[in-house]
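# Descriptive analysis of the structure
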Amino acid sequence: MIAGLKRRWRPWFVVWITLMWCLLMGEISWANVIGGFLVGLVVVLALPLPAMPIAGLSIKWGTLISYFLVWIWDLFIASFRVAWLALRPAAPPKTAIVQVPMRVSSELVMTFATALYNLQPGGSVSDIDIANRMWTVHLLDAGSPAALQREIDSIASLERRMIHIFERS
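Residues numbered from 1 in each chain as written. Predicted model: local features only at pLDDT ≥ 70, side-chain atom pairs only at ≥ 80, totals over all residues. Heavy atoms only, no water.

An unreviewed UniProt entry lists the protein chain under the name Multisubunit sodium/proton antiporter, MrpE subunit, with Corynebacterium testudinoris as the source organism. According to the UniProt record, the Subcellular location (unreviewed entry) comment for the protein chain is "Cell membrane". Taken verbatim from the UniProt record of the protein chain, the Sequence similarities (unreviewed entry) comment is "Belongs to the CPA3 antiporters (TC 2.A.63) subunit E family." (UniProt positions renumbered as here; feature names shortened; annotations may be inferred.)

Have a look at this one:
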């Protein structure tokens, strides 16, 4: 019983919940601090989060920061492409649903990659096959083989970057 409580105890979570409680209440008073602390204790001890699957992960911070800058640029370009598809005086392009293999070994990294891909317009991951490491992706612009290949190459680039940033070589 005591060992289970030791595994559940996360003092920084209690501090964070206490701070959030005080912000929600709108003022810092002894009653709000004590109330937030008690709420934090209950949440941390009664509703424990599972352990994060971080074995084998090593974040390369410089590469991660530079990738976010590239990602923001890609977001701008993708937004422009989707806007052009919507506003151009031609028929909407053909869409496609494709399956793309993902070589990332960590489910956490696959979740990060999925979130980063889904946040950009132009395509979305509609299914993840964890066992086979496969994404099913809906692509907005698959009107030509070149457009389809560009999107698949974009996914492959995202995959390579996630492996380089998060996984140990």
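What follows continues from the structure just given.
## Some words on the sheet that holds strand 2 (residues 123-129)
Spatially, three strands are ordered 1-3-2 in an open sheet, and the strand pairing comes out antiparallel. Because the sheet does not close on itself, it has two edges, and the strands there are strand 1 (96-101) and strand 2. The sheet shows a mean angle of 25° between the axes of neighbouring strands, taken without regard to direction. The sheet strands contacting helix 5 (residues 107-118) are strand 2 and strand 3 (134-139), and the helix crosses strand 2 at an angle near 155°. Sitting on the sheet, helix 6 (residues 145-166) is in contact with strand 1 and strand 3, with an inclination near 140° to strand 3. (Pairing = 2+ DSSP bridges. Helix = DSSP H or I, 4+ residues; strand = E, 2+ residues; numbered from the N terminus. Axes fitted to C-alpha atoms, helices over the stretch in contact; angles between N-to-C directions. Contact = heavy atoms within 4.5 Å.)

## Observations concerning the packing of helix 2 (residues 11-25) against helix 3 (residues 30-46)
Relative to each other, helix 2 and helix 3 sit at 135°, their axes nearing to 8 Å. The orientation of helix 2 relative to helix 3 falls into the category oblique. In the crossing of helix 2 with helix 3, the sense of the turn from one axis to the other is right-handed. Residues Phe13, Val14, Ile17, Thr18, Trp21, Cys22 and Met25 of helix 2 form the contact with helix 3, whose participating residues are Asn32, Val33, Gly35, Gly36, Phe37, Val39, Gly40, Leu41, Val43 and Val44. (Parallel < 35°, antiparallel > 145°, perpendicular 65-115°, else oblique. Left-handed = near helix turned anticlockwise from the far one by under 90°.)

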